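Now for the letters of each chain:
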Amino acid sequence: MFRPIFYGFRPTGLHVRRWSAEWIPDQVRDDGSEGGRRSAQQGFAPLSRSAESGFTSSSRSAQQGFTLLEMLVALAVFSLAALALVRLQGVTLRTAADLDSKALGQIVARNLMVEVQSDVAPPSVGEEDGEVENGGRRWHWTRTVKATEDKRLLQVDLVVDGQPGASPVVLSFLREVE
C-alpha cells in the first residue's frame, strides 16, 4: 500500500508532498496496542484529481499554505517583474544622460549662432568646422553657409556634436549680408 510522506516545515505552512513506493511497517502506540494502516473512513481524507486543486487533499484548509511548486511559480513571476524594472531604470538613465547632452549642445549651438549674428562681417559661403569648449566638454561643430534667393540674406546651418553615439544638435537661421 502506498502512503504519502510529508517533508517540510509545518509551522510555516510550506510543504512538499511525495509518494513513496516503500512499505511502511505498522507502528506501535505508546499504550502498547498496535496501530495499523488507516483507511479513508478512519481519518485519511480521500485524494481528488481536479484542475482546481491539483493532487491535493479535498479537505485542504487555508492554514496549510502553499506548495513548493506554487512558491517557485510566484518567485519566477516576481523575478521577471524585477528584471523588467531594472531594465526600465537603465533606459531611463540613458535617456536622462542623452537629454542632458542635447540641452548643453543646444546651448553651444545658440552661442555659436550669437557669434555669427553679432559679427560685423558676414560669414563666407561654404562649409567650416571647429571645436569649442563649453560645460567642461569639447564640442565639435560644423557650419554650412548658403546663399538664399533674397541676396540680402544667408542661410546658416549649425551642427553640434558632443559625445560619440549621442544625437547631434542642428540649428538653422538666417543672417543679413549688409
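Right above here is the structure, for reference.
Residues numbered from 1 in each chain as written. Predicted model: local features only at pLDDT ≥ 70, side-chain atom pairs only at ≥ 80, totals over all residues. Heavy atoms only, no water.

**Let's talk about the pairing of strand E6 (residues 169-176)**
And step 1. Alternating positions in E6 separate cleanly, Val169, Leu171, Phe173 and Arg175 being buried on one face and Val170, Ser172, Leu174 and Glu176 remaining unburied on the opposite face.
And step 2. Direction of pairing for strand E5 (residues 153-161) relative to E6: antiparallel, over a ladder of 8 bridges. The residue of E6 that forms the bridge with leucine 154 is arginine 175. (Buried < 20%, exposed > 50% of the residue type's maximum accessible area, 1.4 Å probe, protein only. Helix = DSSP H or I, 4+ residues; strand = E, 2+ residues; numbered from the N terminus. Pairing = 2+ DSSP bridges.)

**Some words on helix H1 (residues 68-118)**
And step 1. With 51 residues, H1 should reach 75 Å at 1.5 Å per residue; the first-to-last C-alpha distance of 75 Å fits that figure.
And step 2. Within H1 the residues assigned to the buried category are Ser101, Leu104, Gly105, Val108, Ala109, Leu112 and Val116.
And step 3. Close packing links the buried residues of H1 with strand E3 (126-134), strand E4 (137-147), E5 and E6. (Expected span 1.5 Å × (residues − 1). Contact = heavy atoms within 4.5 Å.)

**Some thoughts on the sheet that holds E4**
And step 1. With antiparallel pairing, 4 strands are arranged side by side in an open sheet as E3-E4-E5-E6. Of all strands in the sheet, those bounded by a partner on one side alone are E3 and E6. Neighbour to neighbour, the strand axes of the sheet diverge by 25° on average, direction disregarded.
And step 2. Running over the sheet, H1 touches E3, E4, E5 and E6 and is turned about 15° from E6. (Axes fitted to C-alpha atoms, helices over the stretch in contact; angles between N-to-C directions.)

**Focus: empty space enclosed by the protein**
And step 1. For the coordinates displayed, the defined rule picks out 1 cavity of 30 Å³ or more.
And step 2. Considering only enclosed or pocket space, the largest cavity measures out at about 30 Å³ in volume.
And step 3. Around the largest cavity sit Ser101, Lys102, Gly105, Trp139, Val160, Gly162, Ser167 and Val169, which together line it.
And step 4. In terms of residue count, H1 provides more of the lining of the largest cavity than any other element does, 3 residues in total.
And step 5. Here the residues of the lining of the largest cavity sort into 3 nonpolar, 4 polar and 1 charged. (1 Å grid on protein atoms, 1.4 Å probe; cavity = no way out; pocket = protein on both sides within 12 Å on 5 of 7 lines; lining within 4 Å. Points joined across faces, edges and corners; volume = space filled by probe spheres on them. Nonpolar A, V, L, I, M, F, W, Y, C, P; charged D, E, K, R; others polar.)

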